[in-house]
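Listed here are the chains, written in short residue letters.
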Amino acid sequence: MVIDKRSLYFNLLLITVGLNIVLNYGFSNFGISVGVLVPFSQIVMLVGVLRIIIRGSLNKKFSGILILCIYAYVRLFSDMFFANKGVYALRDATNYMDILFVIIAYEEMKELELKGVDAREKFDRAMEIIYCIALVYVFTSYFPGSDFMKSFSPSYSGQQGRITFFGFYAATKFWIYIYTFYCYYRLSKHDSDIDRTKVTVYAVLGSLYFIIATGRTHWLILIIILLYLAITGTSKYMWKFYKYLAFALIVGIFIISFGMLVNSSFIMNALDSVVNIFLSMVGKGSNAAKVGGFEMRIEWFEKIFRTAFSDFRILIFGQGFGVALTDFISSGSTLVREPHNSFISVFARLGIVGEAIWIGLFIKVFSMVSYAYRNKTTRYASFGIFMILGAFVFANTEPFFEQTYCAMPFYTLLGCVLYFIDTSNCEEADISDYDKE
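So, here is what we can say about the structure in this document. (Residues numbered from 1 in each chain as written. Predicted model: local features only at pLDDT ≥ 70, side-chain atom pairs only at ≥ 80, totals over all residues. Heavy atoms only, no water.)

## A short note on the packing of aromatic side chains
Link 1 in the chain: All chains considered together, the criterion is met by 46 aromatic pairs.
Link 2 in the chain: Between Phe77 and Phe82, the aromatic rings sit 6.0 Å apart at their centres with planes inclined by 65°, giving edge-to-face as the arrangement.
Link 3 in the chain: On the basis of relative accessible area, Phe77 is assigned to the partly exposed category, the value being 47%.
Link 4 in the chain: One aromatic cluster is present, built from ring pairs that chain together Phe62, Tyr106, Phe123, Tyr131, Tyr179, Tyr182, Tyr202, Tyr380, Phe383, Tyr419 and Phe420. (Phe/Tyr/Trp six-rings, centres within 6.5 Å; stacked < 30°, edge-to-face > 60°. Buried < 20%, exposed > 50% of the residue type's maximum accessible area, 1.4 Å probe, protein only.)

Following this line, the structure appears as structure tokens:
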């Protein structure tokens, strides 16, 4: 096998994306110890930054990201060396390191095409491979089960003890849902570049997993994406999209039901489970753990806002890094450092100044990708919009951007999408005729 040296680093970047998506927490803490643990993803990030510096190339559109990073790094330096917050300050600032993957991915895509490599083909192939591996892997959470996967998994020494590579699935589910939506999108267009049978199988399997493993966050993602599509999509496109979605859900239900003794009690229990998922979103329902989790998060948020409004400097500039934002100890005797809401985490650590920059960047990127989607600039805009909407929901219920295994793939793939949008000639075959029957 001949290795194409032109895309060596980009291949490493995509492999790192895949490992974070599939293995989640099991991979994100794997790295090299040099007094402190340097995770593999951050090593890849540092190499990418050095490559950009050596080439001397940087798109001006990323000035907002650089402003946020400079502000965060000044605060990080101060907390580490003047406030003696140490290594934990570095750990708390991973979001502002991972965000550099947006710039790295964009510049690497540009470099690939300058060298004559088809970046789009490489992106498509990588995402398909990652999706297939993730689909197979995520079903192991049911058989043989996560405990079994952890029991035979190789492990390594992380910041908080021994960590297994296998047995973690939270972020894998998110990416399966996002790519499944992308499959529906491509099926509902006149896309001559895809194997429709294969993509239909992907969509059905992704929907099957949604039915089996769905939770309140996943339902919210589904609702938000469908609302966005209903507002921005043409009527003919929406009908096709819903048609494929309904077909996949029906097939999924049939597969689940096959071989089971389907009776009224089974159906009622299933309906009761779905109802309680929605009730748990607002702290109600029969699931005590979910209700307790909702109330606990409200307490965390209240504490953060009380602290901020008790000191004008904290309100404007935040509490900084190296400070745990909750006092909750998990079942694994680990201190939960983030309040399970990325937007509140940014406010708590960087104050109103950091929050304003962060939200401004989020709105700007969403506007760019949404404009490209609505104007049919490129099919990759659809992947980007599903990803951004999904991340918005996830980041309001989980520490999405504070976890490298979530943030690194998101920022990297977002950088790729932004490059495709910037370089699209609006004549891609798969979007040339949206509204034909």
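## Description of unusual backbone geometry
Link 1 in the chain: The phi dihedral of Asn24 falls on the positive side, at around 55°, and the residue is not glycine.
Link 2 in the chain: Tracing the backbone shows Asn24 in the loop between helix 1 (8–23) and helix 2 (25–28).
Link 3 in the chain: The backbone phi angle of His340 is positive, close to 60°, even though this residue is not glycine.
Link 4 in the chain: Looking at the element boundaries, His340 is found in the loop between helix 16 (312–317) and helix 17 (342–374). (Helix = DSSP H or I, 4+ residues; strand = E, 2+ residues; numbered from the N terminus.)

## Notes on the state of the cysteines
Link 1 in the chain: For the structure shown, the criterion picks out 0 disulfides.
Link 2 in the chain: Between Cys132, a cysteine without a disulfide, and Cys183, which holds the nearest cysteine sulfur, the sulfur-to-sulfur distance is 9.0 Å.
Link 3 in the chain: For Cys132, a relative accessible area of 28% translates into the label partly exposed. (Disulfide = S-S within 2.5 Å.)

## With respect to helix 19 (residues 404–423)
Link 1 in the chain: A rise of 1.5 Å per residue sets the reference length of helix 19, with its 20 residues, at 28 Å; its end C-alpha atoms lie 28 Å apart and thus fit the reference within 8%.
Link 2 in the chain: Buried residues dominate helix 19, accounting for 18 of its 20 residues. (Expected span 1.5 Å × (residues − 1).)

## Comments concerning the nonpolar core
Link 1 in the chain: Residues Leu13, Phe383, Phe400, Phe401, Phe410 and Tyr411 are the most contacted members of the largest nonpolar core, which totals 115 residues.
Link 2 in the chain: It is helix 19 that contributes the most residues to this core, 14 residues altogether.
Link 3 in the chain: With sequence-adjacent residues up to four places away left out, Phe400 is seen in contact with Phe174, Ser342, Ala391, Phe394, Ala395, Cys406, Ala407 and Phe410.
Link 4 in the chain: Counting 10 residues, the second-largest nonpolar core is a separate cluster that includes Phe301, Val336, Ile344 and Phe347. (Core = buried A, V, L, I, M, F, W, Y, C linked by side-chain atoms within 4.5 Å. Contact = heavy atoms within 4.5 Å.)

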